[in-house]
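Understanding the architecture of this molecule
Take a look at the letters that make up each chain.
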Amino acid sequence: QVQLVESGGGLVQAGGSLRLSCAASGRTFSDYAMGWFRQAPGKVREFVAGITWTDGITHYAGSVKGRLTISRDNAKNTVHLQMDSLKPEDTAVYYCAARWGTVVANWFRYDYWGQGTQVTVSS
């Protein structure tokens, strides 16, 4: 059974940093892509960043490029999202997701999801 477990969310002031982690288990993820999405109240779930397990190719949404960095630790089956220079508009529940193949921005094309972790950025 595939499990994705996020951790690392919390409350931070604008300009601060947080590091989210997603621990994956239950199968081999070598041919999979991992994505981070976020959803704020009343808004649609949006793509934030993605990475492929095998070659580490990364993709970012324009709104976070240069501030957020996605990485993976193959030995620990864990994906991280380093978030720097946080803004109040980054406030959302952040989800980790997995799909076979390449990174895509459409949330409905991902097969597995974590439970989410809340990130709140105060002004």
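See the structure shown above.
So, here's what we can say about the structure. Quick caveat, the model's predicted, so the values are computed rather than measured.

Each helix and strand counted, the protein chain has zero helices and 11 strands in total. In sequence order, the protein chain lays out its α and β elements as β-β-β-β-β-β-β-β-β-β-β. Over its C-alpha atoms the protein chain spans a radius of gyration of 13 Å, differing by no more than 12% from the 14 Å that the globule rule assigns to 123 residues. Dimensions of the protein chain along its principal axes, counting C-alpha atoms only, are 40 × 30 × 25 Å. Of the roughly 6,300 Å² that the protein chain leaves accessible, carbon and sulfur atoms contribute 49%.

Here we take up the packing of aromatic side chains. The description of two aromatic rings rests on the distance between their centres and on the angle between their planes. Enumeration over the complete set of coordinates arrives at nine aromatic pairs. Ring geometry for F37 and F47: centres 5.6 Å apart, planes at 75°, overall edge-to-face. With F37 in strand β4 (residues 32–39) and F47 in strand β5 (residues 46–52), this pair connects stretches of sequence that are 10 residues apart. You can call F47 buried: its relative accessible area is 13%. By way of ring pairs, the aromatic residues F37, F47, Y95, Y110 and W113 are connected into one cluster. In this arrangement the basic side chain of R45 is found over the ring face of Y95, its NZ or CZ atom lying 3.9 Å from the centre. Across the ring face of Y110, the terminal group of R99 is positioned such that the distance to the ring centre comes to 5.9 Å.

Cut-offs applied
- Residues numbered from 1 in each chain as written.
- Predicted model: local features only at pLDDT ≥ 70, side-chain atom pairs only at ≥ 80, totals over all residues.
- Heavy atoms only, no water.
- Helix = DSSP H or I, 4+ residues; strand = E, 2+ residues; numbered from the N terminus.
- Rg over C-alpha atoms; globule rule 2.2 N^0.38 Å.
- Areas by Shrake-Rupley, 256 points an atom, 1.4 Å probe, with all protein chains shown as cover.
- Phe/Tyr/Trp six-rings, centres within 6.5 Å; stacked < 30°, edge-to-face > 60°.
- Buried < 20%, exposed > 50% of the residue type's maximum accessible area, 1.4 Å probe, protein only.
- Lys NZ or Arg CZ within 6 Å of the ring centre and 35° of its normal.

That is the geometry; function is a separate question.
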